[in-house]
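# Coordinate inspection notes
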Amino acid sequence: MANITFDRDRVLRAIDAIVRQTMNMDMMWDWPCGVAYLGICEAYRVTGNREYLDLLKARVDEYIELGLPSWTVNTCAMGHAMLTLYEVTGDEKYRDIALSKLDYLRHRALRFGDNVLQHTVSDKNDFPEQCWADTLFMAAYFMLRAGVMFGDEALVDDALNQYYWHIQYLQDEKTGLWYHGYSHVSKTHLSGFYWGRANAWAAYTISQVGRTLPECYLYPKYLEIAGSLAEQLAALKLLQTENGLWRTILDDEESYEEVSASAGIAAAMVIKGNPLHLKYINKAVEGILANVTPEGRVKNVSAGTAVMRDREGYMNIPRKWTQGWGQGLALAFLAAVLEAGSRTVDGAL
C-alpha cells in the first residue's frame, strides 16, 4: 500500500501518553482491560518499548495475587494479554490462565445452533441464544491466536467456525454492514441497528485472521471471512464523516461520532492494506489523534453498550469518561499505522 501520511513522532507521543494513562485506570479483570491491554501489547510489539510490557506484567501479576474472576465470554478478553506475556516471558502461569479460559470456552461456555458461542457477561444466562459482534474480539480472535500458538488445529477450526456463523447471523448482505446482535430464539436482529463499535469488533478481528493463520487460504471458511471483510470495508468507507470518524449508528447522520468504533474500523483498513482505502485512513489518523488529549485520554468513546431496545438507546449512551476499550482500540490503530510500511499483504485476499 502507498504510504500513510502521518507524523511519526506525534504518533509515538500519543501512544506513550495513552499507554501511561491506561495504566493509571483502575479496571477490573474483564473486557475493558482485555481490550485496553491488547492495545498495550500491540504498542509494545510495534515500538519495542519494553517498559510498556513491564507495566502490563506488573499489573497482571497484581491481579493474579488478588484473585481472578470466573470466566465468561467477556472475561476471556484478557486472554490476549496472557498469550503475549507468555510468548515474551515464557512464564507458564500466563499460559495456564490462557488454557483455563480456553477450557471454559470449549467445554462450559453456552452455545447454540451450529456450536456458536452465546455472548455472556456473567455466570447467568443473560442473553439466551444471542450472538453479539463483541464475541469475535473477546473470544474468537483469542481462540484463533491460541490455536496457532499452541498448534491446536481443533481450536483453530472452532475459532473459524465462530467467525463464519457470526458473519451469517450479523452481517447484512445487502449493505455489507453488521448488526450488533442476533437472537436465535426470535430469529431477529433485535432492534436492528448498524452499531459502530459492533462493526469495529468485526472488522478489526476479521482483518487479523489472515495475518494470524498460516496458509489461511487453505481453509474454506477463511475465504468466507475474507469476502465478508471486503464487503464491509467497501460499505464503511462511504460512511466516514468529514472529521475522519464513524458514527455510533453508522448510517444515521444525527448520531454522534464515536472514537473507539472509528479506531477499530480504521485499524482494519490499515491491516487489510487496500490502497483504495488510503485516503480514508489518512483522514482517520487526523480524526483520531484530534481526540487524544496530551495526558493520553481518548475522548468521545461511548460507554458499555448492550444491544439496545431502540435508536434512542444507542443515541443516549454517554461518551464523557475514559474507557478501556477506547484506549485499547486507539493503540491498536496507531500501532497498525506505525507498522503499515513494513508489512506485505495478499491483494487476492
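Everything in this summary refers to the structure shown in the same document. Given the structure is predicted, the values throughout are model-derived calculations rather than measurements.

A word on helix α8 (residues 196–212). Given a rise of 1.5 Å per residue, 17 residues ought to cover 24 Å, and the 24 Å separating the end C-alpha atoms of α8 matches this to within 8%. Most of α8 sits inside the fold, with 15 of its 17 residues counted as buried.

Quick look at the layout of surface pockets now. A probe matching the size of a water molecule, rolled over the atoms, marks out where space remains unfilled. Taken as a whole, the largest pocket spans an internal volume of roughly 400 Å³. If you go around the largest pocket, you meet 15 residues; those closest to its centre are E42, R45, E87, Y141 and R145. At the level of elements, α2 (31–47), α4 (79–89), α6 (134–149) and α8 are the ones that each hand at least two residues to the lining of the largest pocket. Here the lining of the largest pocket gets 5 residues from one element, more than from any other, and that element is α2. Within the lining of the largest pocket, the residues separate by chemical class into 7 nonpolar, 3 polar and 5 charged.

As a packed pair, α8 and helix α9 (residues 220–236) sit with axes 10 Å apart at the nearest point and diverge in direction by 135 degrees. Classed by the angle they form, the pair α8 and α9 counts as oblique. Relative to α9, the crossing made by α8 is left-handed. Between α8, through N199, A202, A203, I206, S207, V209 and G210, and α9, the contact on the second element is made entirely by Y222, I225, S228, L229, Q232, L233 and L236. Residue composition of the contact of α8 with α9, grouped by class: 9 nonpolar, 5 polar and no charged.

I15, Y37, M82, L105, Y163, W201 and F333 are the most contacted members of the largest nonpolar core, which has 127 residues in total. Look past the residues within four positions of W201 in its chain and what remains in contact with it is W31, V35, A133, D134, L136, F137, M138, W195, W325 and L329.

This part covers empty space enclosed by the protein. In this structure the tally under the stated criterion is 1 cavity of 30 Å³ or more. Of the volumes computed, that of the largest cavity is approximately 40 Å³. In terms of lining, the largest cavity is formed by E42, R45, V46, Y204, Q208, R211, I271, A332, A335, A336 and E339. When contributions to the lining of the largest cavity are tallied by element, the ones reaching two or more residues are α2, α8 and α13 (324–339). If one sorts the elements of the lining of the largest cavity by residue count, α13 sits on top with 4 residues.

With that out of the way, let us pick up a nonpolar patch on the surface. Together, Y217, L218 and L223 give the surface a local cluster of nonpolar side chains, amounting to about 330 Å² of exposed area. Within the secondary structure, L223 is located in helix α9.

Summed over the entire model, instances satisfying the criterion amount to 20 salt bridges. Measuring nitrogen to oxygen at the nearest pair gives 2.8 Å for the salt bridge that ties D152 to R106. Residue D152 is located in the loop between α6 and α7 (153–170), and its partner R106 is located in helix α5 (residues 92–107); the two are separated by 46 residues in the primary sequence. A relative accessible area of 22% means that D152 is categorised as partly exposed. With a relative accessible area of 33%, R106 lands in the partly exposed category. The residue R211 makes a salt bridge to E339 at a minimum N-O spacing of 2.9 Å.

Between helix α3 (residues 50–66) and α4, whose axes approach to 11 Å, the crossing angle comes to 115 degrees. In the crossing of α3 with α4, the sense of the turn from one axis to the other is left-handed. Between α3 and α4, the contacting residues are R50, L53, L56, K57 and V60 on the first element and A81, M82, T84, L85, V88 and T89 on the second. Taken together, the residues that form the contact of α3 with α4 break down as 7 nonpolar, 2 polar and 2 charged.

Once that is clear, we can look at α7. The first and last C-alpha atoms of α7 sit 26 Å apart over 18 residues, in line with the 26 Å expected at 1.5 Å per residue. Within the sequence span of α7, burial applies to L155, V156, D158, A159, L160, N161, Q162, Y163, H166, I167, Y169 and L170.

Conventions we followed
Residues numbered from 1 in each chain as written. Predicted model: local features only at pLDDT ≥ 70, side-chain atom pairs only at ≥ 80, totals over all residues. Heavy atoms only, no water. Helix = DSSP H or I, 4+ residues; strand = E, 2+ residues; numbered from the N terminus. Expected span 1.5 Å × (residues − 1). Buried < 20%, exposed > 50% of the residue type's maximum accessible area, 1.4 Å probe, protein only. 1 Å grid on protein atoms, 1.4 Å probe; cavity = no way out; pocket = protein on both sides within 12 Å on 5 of 7 lines; lining within 4 Å. Points joined across faces, edges and corners; volume = space filled by probe spheres on them. Nonpolar A, V, L, I, M, F, W, Y, C, P; charged D, E, K, R; others polar. Axes fitted to C-alpha atoms, helices over the stretch in contact; angles between N-to-C directions. Parallel < 35°, antiparallel > 145°, perpendicular 65-115°, else oblique. Left-handed = near helix turned anticlockwise from the far one by under 90°. Contact = heavy atoms within 4.5 Å. Core = buried A, V, L, I, M, F, W, Y, C linked by side-chain atoms within 4.5 Å. Patch = residues over 30% accessible without salt bridge, like charges linked within 9 Å, V, L, I, M, F, W, Y side chains within 5 Å. Areas by Shrake-Rupley, 256 points an atom, 1.4 Å probe, with all protein chains shown as cover. Salt bridge = Lys/Arg side-chain N within 4 Å of Asp/Glu carboxyl O.

None of this, on its own, says anything about what the molecule does.
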